[in-house]
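Read off the chains here:
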Amino acid sequence: MHAEIQLRATLDIDPLHADAMTALGTLLIRTKRAPEGERMLQAAAKLGTGGATALMTLGVSLIKQGLIEEAIDKFKAAIAAEPQSVRAQINLANAYRDIGNNRRCRYLDMRWQG
């Protein structure tokens, strides 16, 4: 938990450090503390800087919880923040596929493939 201590210390010094918030949120989710991690990622995404990464991580966490519609919203927001993010587009296409919207999935697949 050395990383968590360091990230929290960074946030004590600079509570608006988006990268530290995103890293801590990701760490919390990976250590089975999703609710706290998701709150941290939401806060990081609101700051704007690095928001796409925070939104992507949040979307993946929501997918793992079976909250696909909510994840789709996060992936769309990540694409709005970083339109060239192929990873965000792929995750969005996969989420559409997961809910059975294959037409939208194929459209996104063709779009990012060129």
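Computed from a predicted model, the values in this text were never measured in an experiment.

Okay, the side chain of Thr-22 next. Summarising the element assignment, Thr-22 is placed in helix α2 (residues 18–30). Setting aside chain neighbours within four positions, we find Thr-22 in contact with Leu-41, Ala-44, Gly-50, Thr-53 and Ala-54.

Attention now goes to the layout of surface pockets. Here the idea is plain: a probe the size of a water molecule rolls over the atoms and shows the empty space left. Volume-wise, the largest pocket comes out at about 250 Å³. Every residue lining the largest pocket is listed: Thr-26, Ile-29, Arg-30, Lys-32, Ala-34, Thr-57, Val-60, Ser-61, Lys-64, Gln-65 and Arg-87. For the lining of the largest pocket, the secondary structure elements donating two or more residues are α2 and α4 (51–64). A per-element tally of the lining of the largest pocket places α4 first, with 4 residues. Here the lining of the largest pocket is built from residues that sort into 3 nonpolar, 4 polar and 4 charged.

This part covers α4. It helps to recall that an α-helix has 3.6 residues per turn; residues three or four apart then point in one direction. Over its 14 residues, α4 runs 20 Å from end to end, which matches the ideal 20 Å to within 8%, given 1.5 Å per residue. Along α4, 10 of the 14 residues are buried, which leaves the element largely enclosed by surrounding structure. All of the buried residues in α4 are Gly-51, Ala-52, Ala-54, Leu-55, Met-56, Thr-57, Leu-58, Gly-59, Ser-61 and Leu-62. Phi for Gly-66, located one or two positions after α4, is positive at around 80°.

A few words now on the environment of Lys-74. Mapped onto the fold, Lys-74 is located in helix α5 (residues 68–81). Considered as a pair, Lys-74 and Thr-57 are 17 residues apart in the sequence and their alpha carbons are 8.9 Å apart. Sequence-distant contacts of Lys-74, defined by excluding residues within four places in its chain, comprise Gln-42, Leu-55, Leu-58, Gly-59 and Leu-62.

Their axes nearest at 9 Å, the elements helix α1 (residues 2–13) and α2 cross at an angle of 145°. In this structure, α1 crosses over α2, and the sense of that crossing is left-handed. Here Ala-3, Glu-4, Leu-7, Arg-8, Thr-10 and Leu-11 of α1 come into contact with α2, specifically with Ala-20, Met-21, Ala-23, Leu-24, Leu-27 and Leu-28.

This part covers the pattern of salt bridges. This model, assessed by the stated rule, comprises 4 salt bridges. The partner of Glu-36 in a salt bridge is Arg-8, and the shortest N-O contact between them spans 2.7 Å. With a gap of 28 residues between them, Glu-36 in helix α3 (residues 34–47) and Arg-8 in helix α1 connect regions that are remote in the sequence. Since its relative accessible area comes to 30%, Arg-8 is described here as partly exposed. One connected set of salt bridges, linked through shared partners, spans Glu-4, Arg-8, Arg-33 and Glu-36.

Calculation notes
- Residues numbered from 1 in each chain as written.
- Predicted model: local features only at pLDDT ≥ 70, side-chain atom pairs only at ≥ 80, totals over all residues.
- Heavy atoms only, no water.
- Helix = DSSP H or I, 4+ residues; strand = E, 2+ residues; numbered from the N terminus.
- Contact = heavy atoms within 4.5 Å.
- 1 Å grid on protein atoms, 1.4 Å probe; cavity = no way out; pocket = protein on both sides within 12 Å on 5 of 7 lines; lining within 4 Å.
- Points joined across faces, edges and corners; volume = space filled by probe spheres on them.
- Nonpolar A, V, L, I, M, F, W, Y, C, P; charged D, E, K, R; others polar.
- Expected span 1.5 Å × (residues − 1).
- Buried < 20%, exposed > 50% of the residue type's maximum accessible area, 1.4 Å probe, protein only.
- Axes fitted to C-alpha atoms, helices over the stretch in contact; angles between N-to-C directions.
- Left-handed = near helix turned anticlockwise from the far one by under 90°.
- Salt bridge = Lys/Arg side-chain N within 4 Å of Asp/Glu carboxyl O.

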